[in-house]
Amino acid sequence: MNDSAADGTNGTGQGAGLAAGGLPVGAGDGTRAVRAGLPEPVKHEPTLPGPVFAAHFHLPGDPTGPYTYGRDENPTWTLLESAIGELEAPGQQDVRTLVFASGMAAISSVLFSQLRAGDAVVLPDDGYQALPLARAQLEAFGIEVRTAPTGGDAQLDVLDGARLLWLESPSNPGLDVCDIRRLVEAAHAQGTLVAVDNTLATPLGQRPLELGADFSVASGTKQLTGHGDVLLGYVAGRDGEAMAAVRRWRKIVGAIPGPMEAWLAHRSIATLQLRVDRQNASALALAEALRGRPEVTGLRYPGLADDPSHKVASQQMRRYGCVVSFTLPTRTRAERFLQALRLVDDATSFGGVRSTAERRGRWGGDAVPEGFVRFSVGAEDPADLVADVLRALDESAG
Ligand SMILES: *Cc1c(COP(=O)(O)O)cnc(C)c1O
């Protein structure tokens, strides 16, 4: 995938050929990922300062920031927030980023800080499985919730007069894609704010703020951190007032990441481009291998040239993610397949360096067939992985 021409070229320009942070103009994603959010080097200090464990900070006299109390700010978050902001919106100095305890904390902070009783919000009806829980709570607070599928930009049909449009593209687990620019234009024309759940794509796969969205929101638990050992969420946005309200909500609910989690996340971002490129290339190889199998139906991967999402995805995504979804004939067949895999753990979540897969219907929350498998491709050698999957398909047939 090509980097967009805008990469790193619109920074503050600290000198000829340099963008913000001293990066060469046009620096690639790998270069930006390894340097993201790092402070200016200080003699005898580590490159990435260690986690700051502090409930409070020394604060004589008038209580002025930035660091007062640990629920409001922490220096380890500050560095991580810069890193994520640099990847979500390269060179855009006005973008603010806030980190949260989890993706759901980030999502809830946008929903509950932006919506009031009497407002209407449009959600996808095929989005992340905890969205219906958020929906019930929004309705209990007197907010009207409308839903429509991600595919075919169907959320446009129920947009009229809404205060907020929530998009999830690609959607989890169905991998449908909507035309973010088109939906943003229609929303902004009537004063509707737009948030995009960018979890599946990661900021190296898609940059919702450049597509016009007001918020890019994600779970950092998945491919962003990529090791299956951290829960994290973030919100990036350009509108100062809206982001101040999101920050206030974080303070009210206290849904903050621990300093250790924030530091681990920042450390993991250094390898984001390596992991994403490897995992996404292997996901395409797996999808291509699955396409030839008669027992596989409903195969979806936005990077496949004949996938229903591919055309729109290729206009707005730079990489297509590490998740492949498909359906096996029955629930039993899917269970036997998962048991037969040796290199792939039967586990939920996605985006980690170790491949995982699960029969999504076991949770009951998604409208998927009983044999539906969501497969997250890890960093194993692609040939080993494809061979393991094909062998498990054969073995589970008996
Ligand atoms: C996992 C996920 C979330 C929730 O993130 P947590 O970190 O588990 O709270 C939200 N949106 C999408 C698309 C997800 O995959």
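Residues numbered from 1 in each chain as written. Predicted model: local features only at pLDDT ≥ 70, side-chain atom pairs only at ≥ 80, totals over all residues. Heavy atoms only, no water.

A. Spatial organisation of the pattern of salt bridges. One pass over the full model with this rule turns up 29 salt bridges. When the shortest N-O distance is used, the salt bridge between Asp29 and Arg319 registers 2.7 Å. Taken together, the residues Asp29 in helix α1 (residues 29-35) and Arg319 in the loop between α9 (310-316) and β9 (323-327) connect sequence positions 290 residues apart. For the residue pair Asp29 and Arg319, the accessibility class agrees, reading buried in each case. The salt bridge partner of Glu358 is Arg362, with a shortest N-O separation of 2.8 Å. The exposure class of Glu358 is buried, given its relative accessible area of 0%. Under the relative-accessibility criterion, Arg362 is labelled partly exposed at 41%. The structure contains a network of salt bridges with shared partners spanning Asp29, Arg32, Asp277, Arg318 and Arg319. (Salt bridge = Lys/Arg side-chain N within 4 Å of Asp/Glu carboxyl O. Helix = DSSP H or I, 4+ residues; strand = E, 2+ residues; numbered from the N terminus. Buried < 20%, exposed > 50% of the residue type's maximum accessible area, 1.4 Å probe, protein only.)

B. Main features of the packing of helix α8 (residues 272-291) against helix α11 (residues 382-397). Orientation of α8 relative to α11, taken along the N-to-C sense of each, is 35 degrees, at an axis distance of 10 Å. Note that α8 runs across α11; the crossing there is right-handed. Mapping the contact onto sequence places Arg278, Ser282, Ala285, Leu286, Ala289 and Leu290 in α8 and Pro382, Val386, Val389, Leu390 and Leu393 in α11. Here the contact of α8 with α11 is composed, by residue class, of nine nonpolar, one polar and one charged. (Axes fitted to C-alpha atoms, helices over the stretch in contact; angles between N-to-C directions. Left-handed = near helix turned anticlockwise from the far one by under 90°. Contact = heavy atoms within 4.5 Å. Nonpolar A, V, L, I, M, F, W, Y, C, P; charged D, E, K, R; others polar.)

C. Spatial organisation of the side chain of Thr199. By the element assignment, Thr199 lies in the loop between β5 (193-197) and β6 (215-219). Thr199 gets classed as buried once you look at its relative accessible area, which sits at 9%. A polar atom in the side chain of Thr199 sits 2.6 Å from the side chain of Asp197. In this structure the side chain of Thr199 is engaged in a polar contact, spanning 2.9 Å, whose partner is the backbone nitrogen of Ser219. (Polar contact = N/O pair within 3.5 Å; in protein donor to acceptor, adjacent residues only side chain to side chain.)

D. Examining the packing of aromatic side chains more closely. Taken as a whole, this structure holds four aromatic pairs when the rule is applied. With centroids separated by 5.9 Å and ring planes inclined at 80 degrees, the aromatic side chains of Phe112 and Phe141 adopt a geometry described as edge-to-face. In this pair, Phe112 sits in helix α3 (residues 103-114) while Phe141 sits in the loop between α4 (131-140) and β3 (144-148), placing the two residues 29 residues apart along the sequence. Overall, the relative accessible area of 15% leaves Phe112 in the buried class. Exposure remark for Phe141: the relative accessible area of 46% places this residue in the partly exposed category. Aromatic side chains Phe326 and Phe337 sit 6.0 Å apart centroid to centroid with 75 degrees between the ring planes, which places their arrangement in the edge-to-face category. In this pair, Phe326 sits in strand β9 while Phe337 sits in helix α10 (residues 331-340), placing the two residues eleven residues apart along the sequence. Residue Phe326 shares its accessibility class with Phe337, and that shared class is buried. Joined through ring pairs, the aromatic side chains of Phe112, Phe141 and Trp249 make up one cluster. Taking NZ or CZ as reference, Arg250 lies 5.9 Å from the ring centre of Phe100, over its face. (Phe/Tyr/Trp six-rings, centres within 6.5 Å; stacked < 30°, edge-to-face > 60°. Lys NZ or Arg CZ within 6 Å of the ring centre and 35° of its normal.)

E. A look at the nonpolar core. With 31 residues, the main nonpolar core has Leu290, Val324, Phe326, Phe337 and Phe375 as its most contacted residues. Secondary-structure elements contributing two or more residues to this core are α8, β9, α10, β12 (372-376) and α11. Broken down by element, this core gets its largest block of residues, five residues, from α11. One finds Ala106, Phe112, Leu123 and Phe215 within the second-largest nonpolar core, a separate group that totals 27 residues. (Core = buried A, V, L, I, M, F, W, Y, C linked by side-chain atoms within 4.5 Å.)

Function cannot be read off these values alone, since they describe shape.
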